[in-house]
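# Structural features, examined
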Amino acid sequence: MATTAPSELEPKLLPAAPSESESLLSSLVYDTSQQFQMATSNMLKMITEIDQTAGGIMEEIGKCKDTACERKKDLEEEKQRFQKAAYAVLGMLNDT
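Here the structure is a predicted model, which means the values were calculated and not measured.

### Focus: the overall build of the chain
A count of helical and extended segments in the chain gives 2 helices and 0 strands. The burial tally for the chain puts 0% of its 96 residues in the buried class. Accessible surface, the chain: about 9300 Å² in total, of which carbon and sulfur atoms supply 63%.

### Topic: the pattern of salt bridges
Following the criterion strictly, the structure yields 2 salt bridges and no others. Here E59 ties to K63 by a salt bridge, and the two come within 3.6 Å at their closest N and O atoms. Of this pair, E59 and K63 both sit in helix 2 (residues 18–95), 4 residues apart, roughly one helical turn. Ionic contacts of the salt-bridge type, sharing partners, join the residues E59, E60 and K63 into one network.

### So, a nonpolar patch on the surface
Together, M43, L44, M46, I47 and I50 line one region of the surface with nonpolar side chains, adding up to about 510 Å² of accessible area. Considering the arrangement of structural elements, one finds M46 in helix 2. Looking at M46, the relative accessible area reads 47%, which means it is partly exposed.

### Observations regarding a negative patch on the surface
A contiguous patch of negative charge, built from D66, E70, D74, E76, E77 and E78, is present on the exposed surface. Structurally, E77 is set in helix 2.

Rules of the game
- Residues numbered from 1 in each chain as written.
- Predicted model: local features only at pLDDT ≥ 70, side-chain atom pairs only at ≥ 80, totals over all residues.
- Heavy atoms only, no water.
- Helix = DSSP H or I, 4+ residues; strand = E, 2+ residues; numbered from the N terminus.
- Buried < 20%, exposed > 50% of the residue type's maximum accessible area, 1.4 Å probe, protein only.
- Areas by Shrake-Rupley, 256 points an atom, 1.4 Å probe, with all protein chains shown as cover.
- Salt bridge = Lys/Arg side-chain N within 4 Å of Asp/Glu carboxyl O.
- Patch = residues over 30% accessible without salt bridge, like charges linked within 9 Å, V, L, I, M, F, W, Y side chains within 5 Å.
- Lys, Arg positive; Asp, Glu negative; His and termini not counted.
- Charge placed at Lys NZ, Arg CZ, Asp CG, Glu CD.

So, in structure tokens, the structure goes:
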């Protein structure tokens, strides 16, 4: 009883004609290139959107910083007024 090797049982695939192989390869390369271009374009759009959003956020941060500095200045002035008033009251109490 003769045994056959597993490779003998597998169907033999004949190589496609060179022009058909080249056509399939060209099609694959073209499709991949198109997908890459679309992905790149989408990423550039997202980067632009992120840059615009970041610019708006930085502007808002600047405004908040300015507002915080103004508020700090106002609070410092109010603190000084209260201290002067407290010292005046203490002075009046000491004089009595």
